[in-house]
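Reading the structure
Residue strings, one per chain:
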Amino acid sequence: MDELQPLHRGGPPWLSGARSRTAGLPWVSTAVLLVFVMVGTGFAEEGQGRRPLDLAARLLLFVAVGVLLLRRRRPVVAVATTCAATLVYLAAGYPYGPVFVAVAVGCFSAIVTGHRKAAWWSLGGLWAGHVLVSHWLYRWLPPDGDRAAPWTQQGFITAWVVAVVAAAELLRVRREQWAAARAEREAAERRRADEERLRMARELHDVLAHSISVINVQAGVGLALLDSDPEQARTALTTIKGASKEALDEVRQVLANLRTPGDAPTSPAPGLDRLSELVEQAAAAGLTVTVGSEGDPAAVPPGAGLAAFRIVQEALTNVVRHSGSRTAEVCVGYGSGRLRLRIDDAGPATAGDAGGSGNGLVGMRERAAALGGTIEAGPRPDGGFRVLAELPFTGPDRDRRPPEPPEETT
């Protein structure tokens, strides 16, 4: 597109000449430029043999520079008026001088704010008008006895015009690149914030869903046995207390990390070495879990270990909540740079809700996808339910063997 919208962000602040249409007028820079043009033209007229400076010349110079006050709010008006006033000034036979600096400033302002056609037409009109005046119309224009300008001078002016346009276009491209880079950084920051919120939500869901499921089951047991078997009801309440305390501790850790990002957690992230805790919690909810392993156990990085722990936790939570089976089997398979998890229960699903219908399966898939892995979850032909996960990993300490999971716990 030839006419681009003004870019208000990106790049060094001293180059952002059009940050906002409501920005203040550039009084200081315009006043400095006006003094430079007025004084410099007075020195430049010596020896040119052109029409001496008078009030009309000063007024034309004042208009050519003064209109640049509007170069941020009205860049098209500024560049067109500057070029027109400069052409009238030259056609009247006044001496060459620093007025061309005002033309360059107006051209730069128009191009870098996206008004390229306006700048090209204004600068091209000034160049063509100067050619016409200096080579054909000079006979009828002041000063008297003037001669045609040499073509070498015209070549110099042409080179100057090309240099101004090229520099302004280069600056425009750089500003677009700075704006694009800044937009990309902001988009990346938003993505990181979204990913962090998603991670926190997933952690809270996994912690609360598992613990509350255990609490719900034990609360039902306690209510049912409160009168007939007070001792068993006491055991259920003790389990509820332990599960709620663990849930509160994990929720506090997640929220603490959310409030102070980058701080080290107060306790290590759970991994495969804590599968026995999941088995004990499941046993407290009345679920018998068998844990086994395949392959040569290898050290698993913390990220993959946490994902594996949460996937097993969510799968066992779904068994407790949605399966009629009171048994489950967990198999951890170690491969070459891959971790394979299989969680099975015999079923059948209760209330036709196999595997759960909330965010649990979605969270498991997100955890696996974050590591480049996959999750398959669905009913088995015999009526049970299976969760199968593959998590790739690369660990710097592959030679160190982790604690082996318990063979079987009831």
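Please refer to the structure higher up on the page.
These lines cover the structure that appears in this document, whether it is placed above or below. (Residues numbered from 1 in each chain as written. Predicted model: local features only at pLDDT ≥ 70, side-chain atom pairs only at ≥ 80, totals over all residues. Heavy atoms only, no water.)

Here we take up the pairing of strand 4 (residues 374-379). Direction of pairing for strand 4 relative to strand 5 (residues 385-392): antiparallel, over a ladder of six bridges. Opposite T374, over in strand 5, you have E390 as the bridge partner. Following strand 4, the chain reverses through five residues before pairing antiparallel with strand 5; G383 in that reversal takes a positive phi of roughly 100°. (Pairing = 2+ DSSP bridges. Helix = DSSP H or I, 4+ residues; strand = E, 2+ residues; numbered from the N terminus.)

We now examine the pairing of strand 5. Pairing geometry for strand 3 (residues 338-345) and strand 5, over eight bridges, is antiparallel. Within strand 5, the position partnered with L339 by the bridge is L391.

A surface patch of nonpolar side chains, amounting to about 370 Å² of accessible area, comprises W27, V28 and V32. Summarising the element assignment, V32 is placed in helix 1 (residues 27-44). (Patch = residues over 30% accessible without salt bridge, like charges linked within 9 Å, V, L, I, M, F, W, Y side chains within 5 Å. Areas by Shrake-Rupley, 256 points an atom, 1.4 Å probe, with all protein chains shown as cover. Salt bridge = Lys/Arg side-chain N within 4 Å of Asp/Glu carboxyl O.)

Running from amino to carboxyl end, helix 1 crosses helix 4 (residues 99-112) at an angle of 150°, the nearest separation of the two axes being 8 Å. Taken together, helix 1 and helix 4 sit at an angle that is classed as roughly antiparallel. Residues L33, F36 and V37 of helix 1 form the contact with helix 4, whose own contacting residues are V99, V101, A102 and V105. Each residue belonging to the contact of helix 1 with helix 4 can be placed in one class, and the counts come to seven nonpolar, no polar and no charged. (Axes fitted to C-alpha atoms, helices over the stretch in contact; angles between N-to-C directions. Parallel < 35°, antiparallel > 145°, perpendicular 65-115°, else oblique. Contact = heavy atoms within 4.5 Å. Nonpolar A, V, L, I, M, F, W, Y, C, P; charged D, E, K, R; others polar.)

Quick look at the sheet that holds strand 1 (residues 288-294) now. One open sheet holds the five strands; their spatial order is 1-2-3-5-4, and the pairing between them is mixed. Looking at the sheet topology across the chains shown, the edges are occupied by strand 1 and strand 4. Between one strand axis and the next, the sheet turns by 10° as a mean value, whatever way the strands run. The strands touched by helix 9 (residues 302-322) are strand 1, strand 2 (327-334), strand 3, strand 4 and strand 5; relative to strand 3, the strand with the most contacts, the crossing angle is about 10°.

Turning next to the packing of aromatic side chains. Using the criterion set out here, one finds two aromatic pairs in the structure. Where Y89 meets Y94, the ring centres are 5.4 Å apart and the plane angle is 25°; that geometry is what we call stacked. Judged by its relative accessible area of 1%, Y94 falls in the buried class. Geometrically, the ring pair formed by Y96 and F100 is stacked, given 6.3 Å between the ring centres and 15° between the ring planes. Since its relative accessible area comes to 16%, F100 is described here as buried. (Phe/Tyr/Trp six-rings, centres within 6.5 Å; stacked < 30°, edge-to-face > 60°. Buried < 20%, exposed > 50% of the residue type's maximum accessible area, 1.4 Å probe, protein only.)

What follows deals with the side chain of T41. Among the secondary structure elements, T41 is positioned in helix 1. The contacts of T41, once residues within four sequence positions are left out, are F36, L53, L61, Y89 and P98.

Bringing helix 1 into the picture now. Given 3.6 residues per helical turn, the α-helix brings residues three or four places apart onto the same face. The end-to-end C-alpha distance of helix 1, which contains 18 residues, comes to 25 Å, matching closely the 26 Å that a straight helix rising 1.5 Å per residue would cover. Those residues of helix 1 that sit buried are T30, L33, L34, V37, M38, G40 and T41. (Expected span 1.5 Å × (residues − 1).)

V289, L316, L339 and L341 are the most contacted members of the largest nonpolar core, which has 37 residues in total. Put simply, the parts of the chain that give this core at least two residues each are helix 8 (275-284), strand 1, helix 9, strand 2, strand 3, helix 10 (360-370) and strand 5. With near-sequence residues (within four places) excluded, L341 lies in contact with A308, I311, V312, C331, V332, V387, L388, A389 and L391. By size, the runner-up hydrophobic cluster in this structure holds 21 residues, among which are L34, V37, A78 and Y94. (Core = buried A, V, L, I, M, F, W, Y, C linked by side-chain atoms within 4.5 Å.)

Attention now goes to the packing of helix 3 (residues 75-91) against helix 4. Where helix 3 meets helix 4, the axes come as close as 8 Å, and the angle between the chain directions of the two elements is 155°. In this view, helix 3 runs roughly antiparallel relative to helix 4, as classed from their interaxial angle. Crossing geometry of helix 3 relative to helix 4 is assigned as left-handed. Of helix 4, the residues touching helix 3 (which contributes P75, V79, T82, C83, T86, Y89 and L90) are V99, F100, A102, V103, G106, C107, S109 and A110. Here the contact of helix 3 with helix 4 is composed, by residue class, of eleven nonpolar, four polar and no charged. (Left-handed = near helix turned anticlockwise from the far one by under 90°.)

Scanning all chains against the criterion turns up three cavities of 30 Å³ or more. Roughly 50 Å³ of volume is contained in the largest cavity. Considering the residues around the largest cavity, the lining is formed by F100, L123, L126, W127, H130, I157, W160 and V161. Looking at the lining of the largest cavity, the elements with two or more residues in it are helix 5 (116-137) and helix 6 (151-225). A total of four residues in the lining of the largest cavity trace back to one element, the largest contributor, which is helix 5. (1 Å grid on protein atoms, 1.4 Å probe; cavity = no way out; pocket = protein on both sides within 12 Å on 5 of 7 lines; lining within 4 Å. Points joined across faces, edges and corners; volume = space filled by probe spheres on them.)

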